[in-house]
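Residue strings, one per chain:
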Amino acid sequence: MKKSTVRVTMILIILFVVLVGVYAYLSNKSRSAAQEGVMTNVQKVLSRDMEYDYPPTPKELLKYYNDIQKCFYNENCTDEEIEELANRARELYDDELLANNEVDVHIMSLKEEIKDYKAHKRVISAVSVAASTNVDFFQEDGYEFARIYCGYNVTEGSTTKQVRQIFLLRRDGNKRWKIYGWDSANNVNPL
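Quick caveat: nothing in here was measured; it's all calculated off a predicted structure.

### Focus on the overall build of the protein chain
Then step 1. The helix and strand inventory of the protein chain stands at six helices and five strands.
Then step 2. The secondary structure elements of the protein chain, listed N-terminal to C-terminal, are α-α-α-α-α-α-β-β-β-β-β.
Then step 3. Taking 16 Å as the expected radius of gyration for a compact globule of 191 residues, we find that the protein chain reaches 26 Å, considerably beyond that expectation.
Then step 4. By principal-axis analysis of the C-alpha atoms, the protein chain measures approximately 100 × 40 × 35 Å.
Then step 5. Going through the 191 residues of the protein chain one by one, you find that 31% of them count as buried.
Then step 6. Partitioning the contacts of the protein chain with sequence separation of at least 6, the portion at a separation of at least 24 is 56%.
Then step 7. Of the roughly 12700 Å² that the protein chain leaves accessible, carbon and sulfur atoms contribute 52%.
Then step 8. Both charge centroids of the protein chain, one from 25 positive and one from 28 negative side chains, sit 14 Å from each other.

This is the structure we're talking about:
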């Protein structure tokens, strides 16, 4: 073979090896970046922009509120994350509910409740929010209210218990639904 053919062949082989090496390096780098970019459930919940993406309906508000609750009880949150999540939940509360629940007391009792859940190995295994058509809308004292049912399956060990609650929401001056309160469905007249 001619020397020039051997040189060209060697250059092409070296070029091919370099291209394969660069491709492998960049593929691994992008895969690592993608893995680093995976958000935890807590980060997903906290990343919601409440100014522009506030839940528009009672059902959507409860879905988001329950996402927060699942983070509290199902995730291993730091104290800082618990406080951030608690403050986010408080953004969904009506002014009257906020007035009756001081921030520090609320967060302290929440941390105790979470600790109790973890000690008993309880998790919220499922949540079901009533269909939008099953929301009871009514007016009272010049305010718009909505009552909506929510069911939770709470698993402790191998036992699952169903907890049913009724949430009362009130529309504020900005036409946003806010959580006015809740109670066990056993204590409330049916919808």
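From this point, things continue past the structure.
### What to know about the pattern of salt bridges
Then step 1. The final tally for this structure, using the stated rule, is 12 salt bridges.
Then step 2. The residue Arg 122 makes a salt bridge to Asp 116 at a minimum N-O spacing of 3.1 Å.
Then step 3. Here Arg 122 falls in the buried class, since its relative accessible area comes to 19%.
Then step 4. Judged by relative accessible area, which is 32%, Asp 116 ranks as partly exposed.
Then step 5. Residues Arg 147 and Asp 136 are paired through a salt bridge, measuring 3.5 Å at the closest nitrogen-oxygen approach.

### Section: helix H6 (residues 103-119)
Then step 1. In this model H6 runs 24 Å from its N-terminal to its C-terminal C-alpha over 17 residues, within 8% of the 24 Å that 1.5 Å per residue would give.
Then step 2. Those residues of H6 that fall on the buried side of the exposure criterion are His 106, Ile 107, Leu 110, Ile 114 and Tyr 117. End-on, the buried residues of H6 take up no more than an arc of 90°, which puts them together on one face. Exposed side chains of H6 directed beyond 90 degrees from the buried face belong to Asp 104, Met 108, Lys 115 and Ala 119.
Then step 3. In this structure, the buried residues of H6 make contact with helix H3 (58-74), helix H4 (79-90), strand E1 (122-129) and strand E3 (143-156).
Then step 4. Backbone geometry just after H6 places Lys 121 at a positive phi near 55°.

### Description of the nonpolar core
It is characteristic of soluble globular proteins that their nonpolar side chains tend to be buried jointly.
Then step 1. Ranked by internal contacts, the top residues of the largest apolar core, which has 38 residues, are Phe 72, Leu 85, Leu 92, Phe 167 and Ile 179.
Then step 2. Broken down by secondary-structure element, the contributors of at least two residues to this core are helix H2 (41-46), H3, H4, H6, E1, E3, strand E4 (159-171) and strand E5 (177-184).
Then step 3. No other element matches H3, which puts eight residues into this core.
Then step 4. Once residues within four sequence positions are removed from consideration, Leu 92 is found in contact with Met 50, Tyr 54, Pro 55, Leu 61, Tyr 64, Tyr 65, Ile 68, Lys 178 and Ile 179.

### Remarks on the pairing of E4
Then step 1. Bridge count for E3 against E4 is 12 bridges, and the pairing is antiparallel. Note that in E4 the partner of Arg 147 across the bridge is Leu 168.
Then step 2. If you look at the hairpin formed by E3 and E4, you'll find two residues sitting between the two strands, and Gly 157 has a positive phi there, around 65°.
Then step 3. Of the strand pairs in this sheet, E4 and E5 are connected by seven bridges, and their pairing is antiparallel. Counted as the bridge partner of Arg 171 is Trp 177 from E5.
Then step 4. Taking the residues between adjacent antiparallel strands as the criterion, E4 and E5 are bridged by five residues, where Lys 175 takes a positive phi near 65°.

Criteria and cut-off values
Residues numbered from 1 in each chain as written. Predicted model: local features only at pLDDT ≥ 70, side-chain atom pairs only at ≥ 80, totals over all residues. Heavy atoms only, no water. Helix = DSSP H or I, 4+ residues; strand = E, 2+ residues; numbered from the N terminus. Rg over C-alpha atoms; globule rule 2.2 N^0.38 Å. Buried < 20%, exposed > 50% of the residue type's maximum accessible area, 1.4 Å probe, protein only. Contact = heavy atoms within 4.5 Å. Areas by Shrake-Rupley, 256 points an atom, 1.4 Å probe, with all protein chains shown as cover. Lys, Arg positive; Asp, Glu negative; His and termini not counted. Charge placed at Lys NZ, Arg CZ, Asp CG, Glu CD. Salt bridge = Lys/Arg side-chain N within 4 Å of Asp/Glu carboxyl O. Expected span 1.5 Å × (residues − 1). Arc of directions from axis to C-beta. Core = buried A, V, L, I, M, F, W, Y, C linked by side-chain atoms within 4.5 Å. Pairing = 2+ DSSP bridges.

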